[in-house]
Amino acid sequence: MAATDPGDDDLGLFGPGSVTWRVHQEPVLLVAGLRSLYLQALHPRAVAGVAQNSSYQSDPWGRLVRTATYVATVVYGSSTQARDAGRRLRGLHARMRAVDPATGETFRIDEPDLLRWVHVTEVESFVTTARRAGAALTDDDVDAYYTEQLLAAELVGLDPATVPGTAAQVADYYRQIRPELRLTRDSAETMVFLTAPPMPPLPWKMGLPLRLAVELGPPRWAYLGLAGTAIGLLPAWARRLYGGLGLPTTDLSADLSVRGLRLALNAIPRRYVEGPIYQAAMARAARLGAAA
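Just so we're clear, the structure is a prediction, and the values are computed from it rather than from any experiment. (Residues numbered from 1 in each chain as written. Predicted model: local features only at pLDDT ≥ 70, side-chain atom pairs only at ≥ 80, totals over all residues. Heavy atoms only, no water.)

Q: Help me understand the overall build of the protein in this model?
A: Regarding its fold elements, the protein presents 15 helices and two strands. For the protein, the proportion of its 292 residues judged to be buried stands at 46%. Contacts in the protein between residues at least 24 apart in sequence constitute 74% of all its contacts with a sequence separation of at least 6. Entry remark: accessible area of the protein is about 14200 Å², with carbon and sulfur atoms responsible for 60%. (Helix = DSSP H or I, 4+ residues; strand = E, 2+ residues; numbered from the N terminus. Buried < 20%, exposed > 50% of the residue type's maximum accessible area, 1.4 Å probe, protein only. Contact = heavy atoms within 4.5 Å. Areas by Shrake-Rupley, 256 points an atom, 1.4 Å probe, with all protein chains shown as cover.)

Given below as structure tokens:
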């Protein structure tokens, strides 16, 4: 019988006392994921890499579920599960190439600059959305979250020393990279697709539980509300790049919308919004806590 890796039955990279577990227990983060995709599409090379390598247009909901599964595994999986997920992702990215539409240069999609952009926009979207939705997160909590997420950055192949690890560092990173961002054809097509993608079959018509409805996507009327909220939650400079307005009233409207959405989602019984990876993590935490 093969020996069991101790990492198969541990609390993972973060654990119950982490800010990461507090942030990611929020169902409203489904809006955060969408917000991060809108942000990521403003980087010409990053969006070209996605457009030329991804199945997001032919299988958008499948890609969404795969991405959500990866994030959940890193956050709530055991140490072994998280490391294995990172290794698979690095191997996948290492094989991918894309052509810069502006220069004709072929580049690897796992260039550190691109990986860093995707990481920062993702984790910033998660913690910003949670906080604006009403989650009780102090400034110190936000800094702790960014610092904890350096472990996730390392999994995708980044040197943690090169990744922003506090809110001030993230803000400085955005200031430095903004001159590189712009609306390209790929960006515009991605925005349109993200805002009005083809809807999946209704989960209950597929015989699936409500929990998977969140993972597979809501009906179009609800999805349009989510997309509008995600756009409203973007930084004002990002909305301006998309041709929108960076008004304080937009921020206020987005805050009210995401707070209302959080209240609605938190009213749903937890068993309907908890995925199997989260449930397994809670079971491990209870078991290991009892053993201690």
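Read on for the rest.
Q: Explain the environment of Asp255 to me, please; I cannot follow it from the model alone.
A: As for its placement among the helices and strands, Asp255 is situated in helix H14 (residues 248-266). Exposure remark for Asp255: the relative accessible area of 22% places this residue in the partly exposed category. Taking the C-alpha atoms as reference points, Asp255 and Thr229, 26 residues apart in sequence, are found 8.4 Å from one another. Other than its neighbours up to four places away in sequence, Asp255 contacts Arg132 and Leu233.

Q: For this particular structure, what's the right way to read the nonpolar core?
A: It is characteristic of soluble globular proteins that their nonpolar side chains tend to be buried jointly. Grouped together as the largest cluster of nonpolar side chains are 72 residues, with contacts concentrated most on Val23, Tyr38, Tyr70, Tyr145 and Tyr174. With eight residues, the single largest contributor to this core is helix H6 (residues 112-132). (Core = buried A, V, L, I, M, F, W, Y, C linked by side-chain atoms within 4.5 Å.)

Q: How do you make sense of the pattern of salt bridges when you look at a structure like this?
A: Opposite charge on two side chains lets them pair, provided their charged atoms get close. Counted according to the given criterion, the structure contains 16 salt bridges. For Arg262, the salt bridge identified is with Glu26, shortest N-O distance 2.8 Å. Here the residue Arg262 occupies a position in helix H14, and Glu26 occupies one in the loop between helix H1 (19-24) and helix H2 (29-40), the gap between them amounting to 236 residues. Taken individually, Arg262 and Glu26 each receive the classification buried, so the pair is uniform in this respect. Across the salt bridge formed by Arg35 and Glu124, the nearest N and O atoms sit 2.8 Å from each other. A residue pair is termed long-range when its members are at least 10 positions apart, and Arg35 in helix H2 and Glu124 in helix H6 qualify at 89 residues. Arg35 sits in the buried class, given a relative accessible area of 2%. Given a relative accessible area of 7%, Glu124 falls into the buried group. (Salt bridge = Lys/Arg side-chain N within 4 Å of Asp/Glu carboxyl O.)

Q: Explanation requested: the confidence of the model for the protein in the structure shown.
A: In low-pLDDT regions, the fine details of the predicted coordinates are not to be read closely. With 88% of its residues at a pLDDT of 70 or more, the protein has an overall mean of 89. Between residues 203-217, whose pLDDT stays under 50, and residues either more than four places distant or in other chains, the model counts 23 contacts. (pLDDT = per-residue confidence, 0-100.)

Q: Even after reading the chapter, I still don't get the side chain of Thr73, so can you show me in this structure?
A: Residue placement: Thr73 occurs in helix H4 (residues 60-76). Owing to a relative accessible area of 12%, Thr73 belongs among the buried residues under this scheme. Those residues in contact with Thr73 that lie beyond four places of it in its chain are Gln81, Ala82, Ala85 and Ile277.

Q: Looking at this structure, I do not really get the layout of surface pockets. What am I missing?
A: Summary: where empty space remains is shown by rolling a probe the size of a single water molecule over the atoms. Considering only enclosed or pocket space, the second largest pocket measures out at about 300 Å³ in volume. What lines the second largest pocket is a set of 16 residues, and nearest its centre among them are Glu124, Ala167, Val170, Ala171 and Tyr174. Listed by contribution, the elements that provide at least two residues to the lining of the second largest pocket are H6, helix H7 (139-148) and helix H9 (167-177). Ranked by residues supplied to the lining of the second largest pocket, first place goes to H9 with five residues. (1 Å grid on protein atoms, 1.4 Å probe; cavity = no way out; pocket = protein on both sides within 12 Å on 5 of 7 lines; lining within 4 Å. Points joined across faces, edges and corners; volume = space filled by probe spheres on them.)

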